[in-house]
Amino acid sequence: MRQRVRTSAWTSCTDGTEVVNYAIADGGHTWPGATVDSGPGVTTHAIDATRLITSFFAAHPLHDR
């Protein structure tokens with residue numbers, strides 16, 4: 001079963017801050033995209049959380065203030 005994933009993004013925040021939320025319909029308490037059992041419930045493969053997080057941080061490096 002492929003779960004529906006709704007993505008919401010807020011990109012006009014102070015200092016170029018961006019917030020992205022992925023809401024997974026009928027998902028479990030699991031790591032999205034996991035290839036092994038990662039918790040109770042259904043694991044979605046519609047997204048890969050590891051890839052998304054890595055890409056997000058690469059696009060938004062932490063700068064010294």
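All values reported here derive from a predicted model rather than from experimental measurement. (Residues numbered from 1 in each chain as written. Predicted model: local features only at pLDDT ≥ 70, side-chain atom pairs only at ≥ 80, totals over all residues. Heavy atoms only, no water.)

## Things to note about the overall build of the protein chain
The number of helices and strands found in the protein chain is 1 helix and 2 strands. Counted from the first residue to the last, the protein chain has its helices and strands arranged as β-β-α. Taking 11 Å as the expected radius of gyration for a compact globule of 65 residues, we find that the protein chain reaches 14 Å, considerably beyond that expectation. Counting only C-alpha atoms and orienting by the principal axes, one finds that the protein chain spans roughly 40 × 20 × 15 Å. Counting the 65 residues in the protein chain, one finds 15% classified as buried. Once local pairs closer than 6 in sequence are excluded, the contacts in the protein chain between residues at least 24 apart make up 23%. In the structure as shown, the protein chain presents an accessible area of about 5200 Å², 55% of it carried by carbon and sulfur atoms. Distance between charge centres in the protein chain, computed from 5 positive and 6 negative side chains, equals 9 Å. (Helix = DSSP H or I, 4+ residues; strand = E, 2+ residues; numbered from the N terminus. Rg over C-alpha atoms; globule rule 2.2 N^0.38 Å. Buried < 20%, exposed > 50% of the residue type's maximum accessible area, 1.4 Å probe, protein only. Contact = heavy atoms within 4.5 Å. Areas by Shrake-Rupley, 256 points an atom, 1.4 Å probe, with all protein chains shown as cover. Lys, Arg positive; Asp, Glu negative; His and termini not counted. Charge placed at Lys NZ, Arg CZ, Asp CG, Glu CD.)

## A closer look at the environment of Y22
Here Y22 lies in strand β2 (residues 19-24). Separated by 16 residues in sequence, Y22 and R6 have C-alpha atoms that sit 5.7 Å apart. Sequence-distant contacts of Y22, defined by excluding residues within four places in its chain, comprise V5, R6, T7, I47 and L52.

## Quick word on a nonpolar patch on the surface
Together, W31, I53 and F57 give the surface a local cluster of nonpolar side chains, amounting to about 320 Å² of exposed area. Mapped onto the fold, I53 is located in helix α1 (residues 49-59). (Patch = residues over 30% accessible without salt bridge, like charges linked within 9 Å, V, L, I, M, F, W, Y side chains within 5 Å. Salt bridge = Lys/Arg side-chain N within 4 Å of Asp/Glu carboxyl O.)

## Points about the side chain of T30
Within the secondary structure, T30 is located in the loop between β2 and α1. At a separation of 3.2 Å, a polar atom in the side chain of T30 contacts the main-chain carbonyl oxygen of V42. Ignoring anything within four residues of it in the chain, the contact list for T30 reads S38, G39, P40, G41, V42 and T43. (Polar contact = N/O pair within 3.5 Å; in protein donor to acceptor, adjacent residues only side chain to side chain.)

## Brief notes about unusual backbone geometry
A positive phi angle, near 60°, is found at D26, a position not held by glycine. On the secondary structure map, D26 appears in the loop between β2 and α1.

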